[in-house]
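Spelled out, the chains give:
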Amino acid sequence: MDTMRKKLVFLCLAAVSVFTAAAQKSVVKLPVDSDYVFGSEYFIYALPQTAFQIDVVVTQNREVKGIYSDYASKLLGLNNIVTQNRTTYVLKSVAVTPIIVPDEDYVYAVELSSAQKKNHFLNKLYETQIDAVKSNEYPPHDFGLQPIPDFFRYYSDLAYMEQENSYVETQIVDGVVRQVPASRVQKVTKTSEQKAQEAADMVDKIRKDRYALLTGEQEVAYQPEALSRMIAELNELEKNYIGLFAGFTVSDELHYQVVVMPEQANITPAFSFSAANGFSEKAGTTEETYYMVVVPQYSLEPVSVFNRERKSGKKYVEPSGYRIRCAVPCDVVLNHGHETVCAVGTCNIFQLGKIEALPAGNDDFDITKFVVIY
């Protein structure tokens, strides 16, 4: 009987030894204490948390006052013109994408078991991660701004003109005094109105030249392509000269990206926008701020109460295997005031869930589906 009992005990110990050898050896939360004894092979993982990548497209309109705007009405009869330099913004589009990022407050080191080492677990693990990175590519954003037209930037006119002044010159010839008419040409500075008048005269000349081409006054048989090109160039030239009086607006498309991390089920400021100041990652006034609203589909309070009571028991032993975090499904919207800008839908929010410790000995458990591998 004693011999049989010893054999049973030996078999049980052997089975436990084999099971332990096939299980991950240890799972420890980082950072470790200074007296921690390190093993040979590890992999590191972090628990996931859900963030929201918000892509915002803004149209920036720069209104530039014409250098001859003060004479636009008088010389060209233009009234609808840009009267001052200013910049305004229009919110063109908002897109929200849920993304998974590592939670650096919950990082774990897993010492590999003998079975994992034998099966080259690390090689397979990192090959999977490389494939995941390759498939996660995003096109670059174009942050180029439209320049102010060169015609406006580099336009210049002579600041002076030649002016002939007539006067009477006194001459003495053979003792006879004579008054002889004379004139003198000198350069004088043009006034702003004179410069504007010359630009307005150019507009008039362009229109006359275009009319002559359209009506065939020159009696020249231009090819249709050549005629179209000349008229197009005259149109562009007229547009440039009128811009000196009316001013112009340059529209630029600006791309912004911000990541919002809801810490709890509540309203989280995402960004702010105003027509005067444009986009900002910081929250502004209530009227300017856009909010991320996260509403869980159910409460975890009953689960929390149960776990607290379970863990308070005298016989409770905390499992020492993998740590995972279960996500909580939540309804997510992006609001501006009482208006919904973007209904994201139902998303799994990991940071609102509970962290669970699994029993040791789970080599068959695919941990990569639940964590972020470093």
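Residues numbered from 1 in each chain as written. Predicted model: local features only at pLDDT ≥ 70, side-chain atom pairs only at ≥ 80, totals over all residues. Heavy atoms only, no water.

**Student:** Would you mind showing me how to read the overall build of the chain here?
**Tutor:** Secondary structure assignment for the chain yields eight helices and 14 strands. Classification of the 374 residues of the chain by burial places 31% in the buried group. In the chain, 78% of the contacts between residues at least 6 apart in sequence involve partners at least 24 apart. Counting only carbon and sulfur atoms, one obtains 54% of the accessible surface of the chain, whose full area is about 24,400 Å². (Helix = DSSP H or I, 4+ residues; strand = E, 2+ residues; numbered from the N terminus. Buried < 20%, exposed > 50% of the residue type's maximum accessible area, 1.4 Å probe, protein only. Contact = heavy atoms within 4.5 Å. Areas by Shrake-Rupley, 256 points an atom, 1.4 Å probe, with all protein chains shown as cover.)

**Student:** Whenever I open this one, the environment of D252 confuses me. Can you help?
**Tutor:** Topologically, D252 is positioned in strand β6 (residues 248-260). Along the backbone, D252 and Q60 are 192 residues apart, and their C-alpha atoms lie at a distance of 5.0 Å. Here the side chain of D252 touches R62 through a polar contact of 3.2 Å, side chain to side chain. (Polar contact = N/O pair within 3.5 Å; in protein donor to acceptor, adjacent residues only side chain to side chain.)

**Student:** Explain helix α6 (residues 192-215) to me, please; I cannot follow it from the model alone.
**Tutor:** Since the α-helix advances by 3.6 residues per turn, residues separated by three or four positions end up pointing in the same direction. In this model, α6 (24 residues) spans 35 Å end to end at C-alpha, consistent with the 34 Å of a helix rising 1.5 Å per residue. Of the residues making up α6, those classed as buried are A196, A199, A200, V203, I206, R210, A212 and L213. Looking at the buried residues of α6, the elements they touch are α2 (72-76) and α7 (224-246). One or two steps after α6, the chain reaches G216, where phi turns positive at roughly 75°. (Expected span 1.5 Å × (residues − 1).)

**Student:** Is there a simple way to think about the state of the cysteines in this case?
**Tutor:** Two cysteines, two sulfur atoms, one covalent bond between them: this is a disulfide. Going through the model one piece at a time under the given rule, you end up with zero disulfides. Between C330, a cysteine without a disulfide, and C347, which holds the nearest cysteine sulfur, the sulfur-to-sulfur distance is 8.3 Å. C330 sits in the buried class, given a relative accessible area of 0%. (Disulfide = S-S within 2.5 Å.)

**Student:** Explain the packing of α6 against α7 here, please?
**Tutor:** Two numbers describe a pair of packed helices, the interaxial angle and the distance between the axes. Where α6 meets α7, the closest approach of the two axes is 10 Å, and the angle between their N-to-C directions is 160°. When the axes of α6 and α7 are compared, the pair comes out roughly antiparallel. In this structure, the crossing between α6 and α7 has a hand that is left-handed. Listed contacts from α7 to A196, A199, A200, M202, V203, I206, R207, D209, R210, L213 and L214 of α6 are L227, M230, I231, L234, N235, L237, E238, Y241, I242, L244 and F245. Per-class residue counts for the contact of α6 with α7 are 17 nonpolar, one polar and four charged. (Axes fitted to C-alpha atoms, helices over the stretch in contact; angles between N-to-C directions. Parallel < 35°, antiparallel > 145°, perpendicular 65-115°, else oblique. Left-handed = near helix turned anticlockwise from the far one by under 90°. Nonpolar A, V, L, I, M, F, W, Y, C, P; charged D, E, K, R; others polar.)

**Student:** So what exactly am I meant to see when it comes to the packing of aromatic side chains here?
**Tutor:** Each aromatic ring pair is described using two quantities: the centre-to-centre distance and the angle formed by the ring planes. Evaluated as defined, the whole model comprises twelve aromatic pairs. Ring geometry for F38 versus Y42: centroids 6.5 Å apart, planes at 75°, classification edge-to-face. Note on F38: relative accessible area 58%, which makes it exposed. Ring geometry for F271 versus Y290: centroids 4.7 Å apart, planes at 10°, classification stacked. (Phe/Tyr/Trp six-rings, centres within 6.5 Å; stacked < 30°, edge-to-face > 60°.)

Honestly, that's just the spatial picture; any functional story needs more than this.
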